[in-house]
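Descriptive structure summary
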Amino acid sequence: MASRRGRWRMPLLHGREYFLGKRVVEGFYGRPWTAAQRRKLFAWMKAWGLNTYLYAPKDDLKHRLFWRELYSATEAAELKDMISECRRKGL
């Protein structure tokens, strides 16, 4: 980011401002959000004009400690449902 007379300007990418801050990161310690909580979040994000959701909960062991292990079929289906919901909301 560059500053011009005290105002921050976002870098340009293909002639448009490239703004990295229009997102929510689920990247905290503690119990990960439920599917219902995420659906509610995605609706809020759409209403607020946000466009990116990053799944990174610290307590998802397969996201951290057991990162080499594949998600089970049930876990993978839940992640696919979450991705589909994000796409429906334009995230």
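Basis of the calculations
- Residues numbered from 1 in each chain as written.
- Predicted model: local features only at pLDDT ≥ 70, side-chain atom pairs only at ≥ 80, totals over all residues.
- Heavy atoms only, no water.
- Helix = DSSP H or I, 4+ residues; strand = E, 2+ residues; numbered from the N terminus.
- Buried < 20%, exposed > 50% of the residue type's maximum accessible area, 1.4 Å probe, protein only.
- Contact = heavy atoms within 4.5 Å.
- Areas by Shrake-Rupley, 256 points an atom, 1.4 Å probe, with all protein chains shown as cover.
- Pairing = 2+ DSSP bridges.
- Right-handed = clockwise from strand over helix to strand, strands pointing away.
- Salt bridge = Lys/Arg side-chain N within 4 Å of Asp/Glu carboxyl O.
- Axes fitted to C-alpha atoms, helices over the stretch in contact; angles between N-to-C directions.
- Parallel < 35°, antiparallel > 145°, perpendicular 65-115°, else oblique.
- Left-handed = near helix turned anticlockwise from the far one by under 90°.
- Patch = residues over 30% accessible without salt bridge, like charges linked within 9 Å, V, L, I, M, F, W, Y side chains within 5 Å.
- Phe/Tyr/Trp six-rings, centres within 6.5 Å; stacked < 30°, edge-to-face > 60°.

Concerning the overall build of the protein chain
For the protein chain, the helix and strand inventory stands at two helices and six strands. Across the protein chain, helices and strands are ordered from the amino to the carboxyl terminus as β-β-β-β-β-α-β-α. Considering the protein chain as a whole, with its 91 residues, one finds that 19% of them fall into the buried category. Counted over contacts in the protein chain with a minimum sequence separation of 6, partners at least 24 positions apart contribute 53%. Of the roughly 7400 Å² of accessible surface on the protein chain, 55% is carried by carbon and sulfur atoms.

Concerning the pairing of strand 6 (residues 52–55)
Of the two faces of strand 6, the one lined by Tyr 53 and Tyr 55 is fully buried and the one lined by Thr 52 and Leu 54 carries no buried residue. Two strands pair when backbone bridges link them, and strand 5 (residues 23–26) and strand 6 are joined in this way by four bridges, in the parallel orientation. Pairing of Arg 23 across the sheet is with Thr 52, part of strand 6. Handedness of the β-α-β unit built from strand 5, helix 1 (residues 35–48) and strand 6 comes out right-handed.

Here's the deal with the pattern of salt bridges
Per the counting criterion, the structure on display carries four salt bridges. Between Glu 75 and Lys 62 there is a salt bridge whose closest N-O contact spans 2.9 Å. On the criterion of sequence distance, the pair formed by Glu 75 in helix 2 (residues 73–88) and Lys 62 in the loop between strand 6 and helix 2 is long-range, its members being 13 residues apart. Between Arg 88 and Glu 85 there is a salt bridge, with its nearest N and O atoms 2.7 Å apart. A residue pair is termed a helical-turn pair when its members lie 3 or 4 positions apart in one helix, as Arg 88 and Glu 85 do in helix 2 at three residues.

Overview of the packing of helix 1 against helix 2
Closest axis-to-axis distance for the helix 1/helix 2 pair is 10 Å, and the angle between their directions is 15°. As judged from the angle between their axes, helix 1 and helix 2 are roughly parallel. For the pair helix 1 and helix 2, the crossing hand works out as right-handed. Taken together, the residues of helix 2 that come into contact with helix 1 (itself represented by Arg 38, Arg 39 and Phe 42) are Met 82, Glu 85 and Cys 86.

A look at a nonpolar patch on the surface
A surface patch of nonpolar side chains, amounting to about 300 Å² of accessible area, comprises Leu 61, Leu 65 and Phe 66. In this fold, Phe 66 is placed in the loop between strand 6 and helix 2.

Here's the deal with the packing of aromatic side chains
For the structure on display, the rule yields three aromatic pairs. Ring centres of Trp 44 and Trp 48 lie 5.9 Å apart, and the angle between their planes is 25°; this geometry places the pair in the stacked category. Of the two residues, Trp 44 and Trp 48 are both situated in helix 1; the distance of four residues between them amounts to about one turn of the helix. Given a relative accessible area of 42%, Trp 44 falls into the partly exposed group.

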